[in-house]
Amino acid sequence: MDPVQFNVRPYVCGALGRIDPAVAAKLAAAGPRCRPALQTAHAALFSTAPLPPYHRAEGEFAFSWGERKPPALGTWMSVAETYETPGLIGAGERVTLHAGALGLVDVYYVRLGDAVYFSSLIAPLLSLVPVEIDWDAWASILQVTFPLGEATPYRQIRRLPGSSALVFTGERLATERRLPRWLRREPYEAWTGAEEILEILHEVYKDYEGRRLLVPVSGGYDSRLLASVAVARGFDVESWTTSPDDGTDTDISFAQAITRELGIPHRVVTQDPGAYPADALEVARRLEYLTPHHAWYAPFAKEVHGAGRILVDGLAGGPLLKNFMVSGAALEATSQAERSAAVLSSLSLGAPSRPFLSEAAAAWMARTVGEQFAESTSMLHGHRAELPLSVLHTRTVRGIARSAVNLVGPEASFAAPFIHPEFFDAALSVGVARKDKGRFYRELLHAAGPRVAALPSTNVVKQPLQRVPLRSTAAPAREYSHRMLATVAERVPGLLSEDLHEVIGGGPDALTRFNGWNDRFWVRGLVLFGAWLRDYGHDLGELEAPF
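Residues numbered from 1 in each chain as written. Predicted model: local features only at pLDDT ≥ 70, side-chain atom pairs only at ≥ 80, totals over all residues. Heavy atoms only, no water.

Before going further, it helps to examine the overall build of the protein chain. Each helix and strand counted, the protein chain has 22 helices and 17 strands in total. The C-alpha radius of gyration of the protein chain comes to 23 Å, within 12% of the 24 Å expected for a compact globule of 547 residues. Counting the 547 residues in the protein chain, one finds 59% classified as buried. By sequence separation, contacts in the protein chain at least 24 residues apart represent 74% of the contacts at least 6 residues apart. Summed over all atoms, the accessible surface of the protein chain reaches about 21600 Å², with 51% contributed by carbon and sulfur. For the protein chain, the distance from the average site of its 54 positive side-chain charges to the average site of its 60 negative ones is 3 Å. (Helix = DSSP H or I, 4+ residues; strand = E, 2+ residues; numbered from the N terminus. Rg over C-alpha atoms; globule rule 2.2 N^0.38 Å. Buried < 20%, exposed > 50% of the residue type's maximum accessible area, 1.4 Å probe, protein only. Contact = heavy atoms within 4.5 Å. Areas by Shrake-Rupley, 256 points an atom, 1.4 Å probe, with all protein chains shown as cover. Lys, Arg positive; Asp, Glu negative; His and termini not counted. Charge placed at Lys NZ, Arg CZ, Asp CG, Glu CD.)

And the structure:
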């Protein structure tokens, strides 16, 4: 992928509190070229593009930098949950830096003395603090494929969670956490029908009137629903599909049938196995080593940047509409501990075909990730929709959303209809039991278009139509993966099992024995760690592992 172009969402950085102007200037110079948007005694904001405030009055200001702009001043929480945007608000001596309600658009920060320095990207903040590994973050990246809570790969750099704010009152810095709308108003079962949910989705699409849409249809439920509504409303819509590198490419053949039935132009974006190493490393760096997901998405995202269309993404459809990653064990749990353990088990990678981690590392990782997950989801405990929200607030936000937010954006616009407040609340009000095994979703698809609903779906097909070679296990990928695994084996030998050390010693082709789903994801996570060690190893010094 080309260098990031901040076309539809700017890069921002800044500070609040008792700011050291030299430190703020150092931060502003460390990232993409930016210009001042605000400079006061206790607040500074820099942006790559002109960033006018959405509110300005004597002693007051309010800025936001998500794609959806507030029309007028409100509380920071109302702005966060209505527009899913971060922002900086000042009134008198009080300055507030807030995330969106879900926290989809990243806000990273470090605290130095009585000031907080923040950035849209992690890398510029490394100009202010030493590069120190956060082992807890890497435990969760390896086990569940994304960091939990505020963690980043760096010990001193934190991420501002959704529905949170950092506040300077003129005397001190404080953290404010609020319950988002969907936790303040528990959505009791209202027996909302599929037709009513569909009508709300049609209303959401009115926000996109006059826009040219790109709906990336796969073989699943979310994309065919979004495409069906776009066609029903008469939009100028195209569909593109690419291989998810799952070894079957069922998505492509199913998408061709869906788009043919809908009568919309369809394109398959092809991928080159020889380019996989470059794609994987580029995505790792662009996503700042936060998840091993999305290497397969790189060629697709590059094409979207030049499409001139708004990408319509099915983000959050799985947790909201079909209990995605909510297991039977979670539904049948009789205690909070059982329920949390079942959800974490669904989110975690399964056991590989042979041990990848040493016994000490595996025990440490299980304990550490369990503690982080309990803390990250504690506000959801006892909520009627605890199970889908536990997936949404962790995996969806920290892992899956990165493809739309950080690979399609900030170059191109994307829309996520399922997180629109009205649709989100209505979908969440449908009871978990009604959504079990996709029953409610099938009713919704039938209401949107029975002929499209009847076509095969990757959500229910158990046997692949065909087997195709994986880019991520082809010879170029094996050579790349082996280099990164060898780096991990050299720098942190105690992390890996003797079995894995032996495989690494056998060279790139020894990795051919790892063909299973779980094996592949464990390899990808460790390869990501190896890539990070190679990029930052000279700044890390000797690593003292906690196991």
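Turning next to the sheet that holds strand E1 (residues 12-17). As summarised here, the arrangement of the six strands in space is E2-E3-E1-E9-E8-E10, forming an open sheet in which the pairing is antiparallel. Of all the strands in the sheet, just strand E2 (35-39) and strand E10 (158-159) have a single pairing partner and so form its edges. As judged from the five bridges shared by E1 and strand E3 (residues 43-47), these two strands associate in the antiparallel manner. Note that in E3 the partner of Leu16 across the bridge is Ala43. In the packing of helix H1 (residues 21-30) onto the sheet, contacts are made with E1, E3, strand E8 (108-112) and strand E9 (115-119), and the angle to E9 comes to roughly 10°. (Pairing = 2+ DSSP bridges. Axes fitted to C-alpha atoms, helices over the stretch in contact; angles between N-to-C directions.)

Along the chain, His501 turns up in helix H21 (residues 498-505). Distance from His501 to Thr377, taken between C-alpha atoms, is 35 Å for residues 124 residues apart in sequence. Setting aside its immediate chain neighbours within four residues, His501 contacts Ala489, Pro493 and Leu496. A polar contact is formed between the side chain of His501 and the backbone oxygen of Pro493, at a distance of 2.9 Å. (Polar contact = N/O pair within 3.5 Å; in protein donor to acceptor, adjacent residues only side chain to side chain.)

We now examine the pattern of salt bridges. Once their charged atoms are close, side chains differing in charge can pair, the charge on each being opposite to the other. All told, the structure shown has 28 salt bridges when counted by the stated rule. Where Glu479 meets Arg483, a salt bridge forms, and the shortest distance between an N and an O atom there is 2.3 Å. A residue pair is termed a helical-turn pair when its members lie 3 or 4 positions apart in one helix, as Glu479 and Arg483 do in helix H20 (residues 475-491) at four residues. Classification of Arg483 as partly exposed rests on a relative accessible area of 32%. (Salt bridge = Lys/Arg side-chain N within 4 Å of Asp/Glu carboxyl O.)

Here we take up a negative patch on the surface. There is a patch of like negative charges on the surface, built from Glu195, Glu196, Glu199 and Glu443. When residues in the negative patch are grouped by element, the largest group, three residues, is from helix H5 (residues 194-205). Along the chain, the position of Glu199 falls in helix H5. The class for Glu199 is exposed, based on a relative accessible area of 53%. (Patch = residues over 30% accessible without salt bridge, like charges linked within 9 Å, V, L, I, M, F, W, Y side chains within 5 Å.)

One pass over the full model with this rule turns up 24 aromatic pairs. With 6.1 Å between their ring centres and 85° between their planes, Tyr289 and Tyr536 make a pair best called edge-to-face. Of this pair, Tyr289 sits in the loop between helix H8 (276-286) and helix H9 (298-305) while Tyr536 sits in helix H22 (residues 517-540), placing them 247 residues apart in sequence. Assessed through its relative accessible area of 2%, Tyr289 is described here as buried. Tyr536 sits in the buried class, given a relative accessible area of 18%. Here the aromatic rings of Trp532 and Tyr536 are separated by 6.1 Å at their centres, their planes lie at 35°, and the arrangement is tilted. On the criterion of helical spacing, the pair formed by Trp532 and Tyr536 is a turn pair, its members being four residues apart in helix H22. (Phe/Tyr/Trp six-rings, centres within 6.5 Å; stacked < 30°, edge-to-face > 60°.)

Read from one edge of the open sheet, five strands run E15-E14-E13-E16-E17, paired in parallel fashion. Pairing within the sheet leaves two strands with one partner each, and these edge strands are strand E15 (266-269) and strand E17 (414-415). The sheet contact formed by strand E14 (residues 237-242) and E15 spans four bridges and is parallel. Directly across from Trp240, in E15, lies its bridge partner Arg267.

Further remarks concern H20. An ideal rise of 1.5 Å per residue puts 24 Å on 17 residues; H20 measures up with 25 Å between its terminal C-alpha atoms. Taken residue by residue, H20 has Ala477, Arg478, Tyr480, Ser481, His482, Met484, Leu485, Thr487, Val488 and Ala489 as its buried positions. The inward-facing, buried residues of H20 contact H8, H21 and H22. (Expected span 1.5 Å × (residues − 1).)

A separate point is the environment of Tyr54. Following the sequence through the fold, Tyr54 ends up in the loop between E3 and strand E4 (55-57). Note on Tyr54: relative accessible area 16%, which makes it buried. Each C-alpha atom, one on Tyr54 and one on Pro71, is 6.5 Å from the other, the two residues being 17 residues apart in sequence. Filtering out sequence-adjacent residues up to four positions away, Tyr54 remains in contact with Ala62, Phe63, Ser64, Pro70, Pro71, Ala72, Leu73, Val79 and Ile89.

This part covers the pairing of E8. Sheet topology note: the E8/E9 ladder contains five bridges and is antiparallel. Paired with Leu112 across the strands is Ala115, a residue of E9. Hairpin connection between E8 and E9: a loop of two residues separates the two successive antiparallel strands, and Gly113 in this loop has a positive phi of roughly 65°. Examined bridge by bridge, E8 and E10 share two bridges and lie antiparallel to one another. Pairing of Tyr108 across the sheet is with Arg159, part of E10.

This is a description of form; function is not addressed.
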